[in-house]
Amino acid sequence: MDAYDEDPGARPDPGGSARARLPEGSPTDVGSSSDMDPSTGMESRAGVGRPADVDGRADADSEAGRDPRADADSRAGAGSRAGAAAARGAGSMDDGAAAVPPTAPRTGVAALSPGYQVAAALALAVVGIAACVHLVMVFLSLAPTNTVTKQHGKAVEEWVYPEFEQNWKLFAPNPLQQNIAVQVRAVVRVKDGGLRTTGWTDLSAQDGAAIDGNLVPSHTQQNELRRAWDFFTATHSADNRGVGMRGSLSEQYLRRIVVMRLYRTYPADRDGVIQRVQIRSSTTNVQPPEWSRERVSDKPVYRVLPWWTVTADEAAGGVR
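Residues numbered from 1 in each chain as written. Predicted model: local features only at pLDDT ≥ 70, side-chain atom pairs only at ≥ 80, totals over all residues. Heavy atoms only, no water.

Caption draft 1: Region of interest: the overall build of the protein chain. Scanning the protein chain for helices and strands turns up ten helices and eight strands. Taken across its 320 residues, the protein chain has 22% of its residues classed as buried. Accessible surface for the protein chain amounts to roughly 22200 Å². Of this, 58% is attributable to carbon and sulfur atoms. (Helix = DSSP H or I, 4+ residues; strand = E, 2+ residues; numbered from the N terminus. Buried < 20%, exposed > 50% of the residue type's maximum accessible area, 1.4 Å probe, protein only. Areas by Shrake-Rupley, 256 points an atom, 1.4 Å probe, with all protein chains shown as cover.)

Okay, here's the thing in structure tokens:
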């Protein structure tokens, strides 16, 4: 047999012909021979990219029915699709970033400059502290006697009375069923130097007329005179003697209110200067409904206070 005759035992190549037997000592035989590595005792193979290896890979691809060029094209197509998907993802991220709406402009205190923000924070802090102090003072004025009220009772009274005094009679088991009117008269020094006594002026009736039909009556019209009279009766005995340190304070408060009201009704430049005032209350029972069998008196009961001398600043109309 010649060196290049076909080997009947060789596998056919992709072209259909059997492989030729190569001569002795050809590169294929050298590459296919196994050498023993004396250092490791293992068989080693040499020649990556040898013709035998190439033929072996081609034979494996042929047996599996795959085309190496098709595999390369498939890998290239997969890489192209992955790159396109990454590009689409990056584009979507750009679109999402562009679609974020702009932030809304700051409003309220946040829209102010830092200096004004500090000023607003300080103002809110002052208001909050004042509100807390007021609530504590009112609570102490209503609470039973305790260590704090014993030590600081005067400071609490000066803070609360008379403007912020609390009256819980509305929630009493037997609420008030009387109408109380505060009336006043005065001794006036007229322009010729003589003294004249005015008639009784019903200050409560004036407040009632101002409130009647008024959708938004003022706080003073509703409560100022009434609370001043309640303050006086709470700090005085039945014979009009002051009880405790607040007795004189309630007298001064009530006197200033009635003098101010008289000057509104009778101006000093027209009728003279007020020298003394006298106050009385007229108490009338609220009549029961017609279907009730209860019977109460409808006659007024008066409580007349002594004459009070008006001080110089009050006489000059300094408390308008």
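That shown, we press on.
Caption draft 2: Geometry of the nonpolar core. Judged by nonpolar contacts, the single largest core of 22 residues is most densely connected at Leu-254, Val-258, Ile-274, Val-277 and Ile-279. Of all the secondary structure elements, the ones that give two or more residues to this core are β3 (178–189), α7 (219–234), α8 (246–265) and β6 (273–285). Here this core gets six residues from one element, more than from any other, and that element is α8. Counting residues in hydrophobic clusters, the runner-up holds six residues, among them Leu-140, Val-156, Val-160 and Phe-231. (Core = buried A, V, L, I, M, F, W, Y, C linked by side-chain atoms within 4.5 Å.)

Caption draft 3: Representation of unusual backbone geometry. Look at Asn-240: it is not a glycine, yet its phi comes out positive at around 70 degrees. Assignment of secondary structure puts Asn-240 in the loop between α7 and α8.

Caption draft 4: Local environment of the packing of aromatic side chains. According to the stated counting rule, one finds three aromatic pairs in the structure shown. Seen from their ring centres, Tyr-161 and Phe-231 are 5.8 Å apart, and the 10 degrees between their planes marks the pair as stacked. You can see Tyr-161 sitting in the loop between α5 (147–160) and β3 and its partner Phe-231 sitting in helix α7, a full 70 residues away along the chain. Residue classification places Tyr-161 among the buried positions, given a relative accessible area of 14%. One cation-aromatic arrangement involves Arg-246 over Tyr-161; the distance from NZ or CZ to the ring centre is 3.9 Å. A cation over an aromatic ring shows up here: Arg-280 above the ring of Trp-200, its NZ or CZ 4.2 Å from the ring centre. (Phe/Tyr/Trp six-rings, centres within 6.5 Å; stacked < 30°, edge-to-face > 60°. Lys NZ or Arg CZ within 6 Å of the ring centre and 35° of its normal.)

Caption draft 5: Quick peek at the pattern of salt bridges. Taken as a whole and assessed by the stated rule, the structure comprises four salt bridges. For Asp-207, the salt bridge goes to Arg-261, with nearest N and O atoms at 2.9 Å. One end of the pair, Asp-207, is in helix α6 (residues 203–211); the other, Arg-261, is in helix α8, with 54 residues separating them in the sequence. The two residues Asp-207 and Arg-261 agree in class, both being buried. As a salt-bridge pair, Asp-230 and Arg-227 come within 3.1 Å of each other at their nearest N and O atoms. (Salt bridge = Lys/Arg side-chain N within 4 Å of Asp/Glu carboxyl O.)

Caption draft 6: Structural view of the environment of Asn-179. With respect to the helices, strands and loops of the structure, Asn-179 is situated in strand β3. It is 10.0 Å that separates the C-alpha atoms of Asn-179 and Ser-281, two residues lying 102 residues apart in sequence. If we ignore the near neighbours within four places in the chain, the residues touching Asn-179 are Ser-282, Thr-283, Thr-284 and Val-286. (Contact = heavy atoms within 4.5 Å.)

Caption draft 7: Looking closely at a nonpolar patch on the surface. Among the surface-exposed residues, Ile-129, Val-133, Trp-159 and Phe-164 lie close enough to one another that they form a single nonpolar patch of about 360 Å² accessible area. Within the secondary structure, Val-133 sits in helix α4 (residues 114–142). (Patch = residues over 30% accessible without salt bridge, like charges linked within 9 Å, V, L, I, M, F, W, Y side chains within 5 Å.)

Caption draft 8: Summary view of α4. With 29 residues, α4 should cover 42 Å at 1.5 Å per step; its first-to-last C-alpha distance of 42 Å lies within 8% of that length. When α4 is considered as a whole, its buried residues turn out to be Ala-120, Met-137, Val-138 and Leu-140. (Expected span 1.5 Å × (residues − 1).)

Caption draft 9: Broad picture of the side chain of Asn-240. We classify Asn-240 as buried; its relative accessible area is 18%. If near-sequence neighbours (up to four positions away) are discounted, Asn-240 is found in contact with Phe-232, Arg-303, Val-304, Leu-305 and Pro-306.

Caption draft 10: Main features of the pairing of β3. Pairing between β3 and β6: twelve bridges, direction antiparallel. Counterpart to Val-182 in the pairing with β6 is Ser-281. Across two bridges, β3 lies against strand β5 (residues 201–202) in antiparallel orientation. If you follow Val-184 over to β5, its bridge partner there is Thr-201. Between the end of β3 and the start of strand β4 (residues 195–197), which pair antiparallel, lie five residues, with Gly-193 showing a positive phi angle near 95 degrees. (Pairing = 2+ DSSP bridges.)

Caption draft 11: Layout of the side chain of Thr-235. Tracing the chain through its elements places Thr-235 in the loop between α7 and α8. Among the polar contacts made by the side chain of Thr-235, one reaches the side chain of Ser-250 at a distance of 2.8 Å. (Polar contact = N/O pair within 3.5 Å; in protein donor to acceptor, adjacent residues only side chain to side chain.)

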